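# Structural overview
Each chain, letter by letter, is given below.
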Amino acid sequence: MANTSDQQSYLTEADGLVFLVEEVPRKLRRVFDSSTAKFGLTRTQWRALAYIFRTPGLTQTELAKCLELERASVGHVIDQLEKADYVERRAVEGNRRVWTLHLRPKAIGILPALRAEADVVYERLLAGISGDEVAVFKRLLATMSANL
């Protein structure tokens, strides 16, 4: 077993920062999972609805890129949303293999409640952090992302 000084030198300040950066999204996913379950939805289904709302007529392939999932996995998500009457697939004229995705009235009806639920989660996440601090944090995250 390594002695204490070896353990201390093994983990750096950068490790601590990266671990923290990874911990926040993990906790946020868990909180969102709990929040979306109230509506009988998964977090992925909620995100799919949000992307389709923002871009009506999105294809399954485009949605897969947005969600960073395989096309087949997104197909399963859309199957579930379609079965629940939240989404409909529409054939693209002239291409029977491509379907566009559109929200059904049932989905449009729950979007305000989903928005309110997301806002509660975000308020909890950002509690005690000023607008200026959020702006600095966004710039730092953008820089980190660009560095990779």
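The residue count restarts for each chain, going from 1 along the sequence in the order it is written. Only residues with pLDDT of at least 70 are given local features in this predicted model, and only at 80 or more are side-chain atom pairs given and counted; all residues enter the totals for whole chains, interfaces and linings. Calculation of side-chain values draws on the structure's entire complement of heavy atoms; hydrogens and water are dropped beforehand.

It is worth spelling out unusual backbone geometry at this point. Unusually for a residue other than glycine, Glu68 sits at a positive phi of about 55°. The helix and strand labels rest on DSSP assignments: H or I over at least four residues marks a helix, E over at least two residues marks a strand, and numbering proceeds from the N terminus. Along the polypeptide, Glu68 turns up in the loop between helix H4 (60–67) and helix H5 (71–83). Residue classification places Glu68 among the exposed residues on the basis of a relative accessible area of 71%. Phi is positive for Asp85, close to 70°, though the residue is something other than glycine. For every residue, the accessible area obtained with a 1.4 Å probe (protein chains only) is divided by the maximum for its type, and the residue is called buried under 20%, exposed over 50%, and partly exposed between those limits.

Bringing the side chain of Thr59 into the picture now. Relative to the helices and strands, Thr59 resides in strand E1 (residues 58–59). Look past the residues within four positions of Thr59 in its chain and what remains in contact with it is Val98, Trp99 and Leu101. In this description, contact between two residues means that some pair of their heavy atoms is separated by no more than 4.5 Å.

Among buried residues, those of type Ala, Val, Leu, Ile, Met, Phe, Trp, Tyr and Cys that are joined through side-chain atoms within 4.5 Å constitute a nonpolar core. Membership of the largest hydrophobic core comes to 25 residues, with the highest contact counts inside it found for Leu49, Leu63, Ile78, Leu81, Tyr86 and Val87. Of all elements in the fold, only helix H3 (43–54), H4, H5, strand E3 (95–103) and helix H6 (105–126) reach the threshold of two or more residues within this core.

Here H3 crosses H4 at 120°, and the two axes come no closer than 10 Å. Regarding the angle of H3 to H4, the classification is oblique. The handedness of the crossing between H3 and H4 comes out as right-handed. Residues Thr44, Arg47, Ala48, Tyr51 and Ile52 of H3 pack against Leu63, Cys66 and Leu67 of H4. The class makeup of the residues in the contact of H3 with H4 is six nonpolar, one polar and one charged. Helix axes are fitted only over the stretch in contact, all axes being lines through C-alpha atoms; the angle between N-to-C directions runs from 0 to 180 degrees. For classification purposes, angles smaller than 35 degrees are called roughly parallel, those larger than 145 roughly antiparallel, those between 65 and 115 roughly perpendicular, and all remaining angles oblique. When the near helix sits turned anticlockwise from the far one by under a right angle, the crossing is termed left-handed; a clockwise turn instead gives a right-handed crossing. Amino acids are sorted into nonpolar (Ala, Val, Leu, Ile, Met, Phe, Trp, Tyr, Cys and Pro), charged (Asp, Glu, Lys and Arg) and polar (every other residue, Gly among them).

UniProt positions are given in the numbering used here, feature names are shortened, and annotations may be inferred rather than shown by experiment. Using the residue numbers shown here, the UniProt feature "domain: HTH marR-type" (unreviewed entry) corresponds to residues 14–146. Annotation note: span residues 14–146, helix share 71%, strand share 13%, distance between end C-alpha atoms 17 Å.

Geometry of aromatic contacts follows a simple scheme: Phe, Tyr and Trp rings, the Trp one being its six-membered ring, pair when their centres are within 6.5 Å, and the pair is stacked under 30 degrees between planes, edge-to-face over 60, tilted otherwise. Overall, the coordinates contain two aromatic pairs when judged by the stated rule. Summarising the aromatic geometry, the rings of Phe32 and Trp46 are spaced 5.5 Å apart at their centres and angled 45° between planes, so their arrangement reads as tilted. Of the two residues, Phe32 sits in helix H2 (residues 13–37) while Trp46 sits in helix H3, which places them 14 residues apart along the sequence. Aromatic pair Phe32 and Tyr122: ring centres 5.7 Å apart, planes at 55°, arrangement tilted. Here the residue Phe32 occupies a position in helix H2, and Tyr122 occupies one in helix H6, the gap between them amounting to 90 residues. When its relative accessible area of 7% is taken as the criterion, Phe32 is described as buried. Taken together through their ring pairs, the aromatic side chains of Phe32, Trp46 and Tyr122 make up a single cluster.

The next point concerns the layout of surface pockets. Estimates place the volume of the largest pocket at around 690 Å³. Space inside and on the surface of the protein is sampled on a 1 Å grid over the protein atoms alone, with a cavity defined as a set of points where a 1.4 Å probe fits but cannot get out and a pocket as an open set with protein on both sides within 12 Å along at least 5 of 7 lines; lining residues have an atom within 4 Å of a point. Looking at the largest pocket, it is lined by 19 residues, and the ones nearest its centre are Val24, Leu125, Leu126, Ile129 and Phe137. For the lining of the largest pocket, the elements supplying multiple residues, two or more each, are H2, H6 and helix H7 (131–147). When residues in the lining of the largest pocket are grouped by element, the largest group, eight residues, is from H2. Residues of the lining of the largest pocket, tallied by class, amount to 16 nonpolar, no polar and three charged. Grid points are joined across faces, edges and corners, and a volume is the space filled by probe spheres set on the points. If you add up the space inside the second largest pocket, you get close to 210 Å³. As for the second largest pocket, its lining consists of Leu17, Val18, Val21, Leu141, Met144, Ser145 and Leu148. Every element with two or more residues in the lining of the second largest pocket is listed here: H2 and H7. For the lining of the second largest pocket, the residue count by class is six nonpolar, one polar and no charged.

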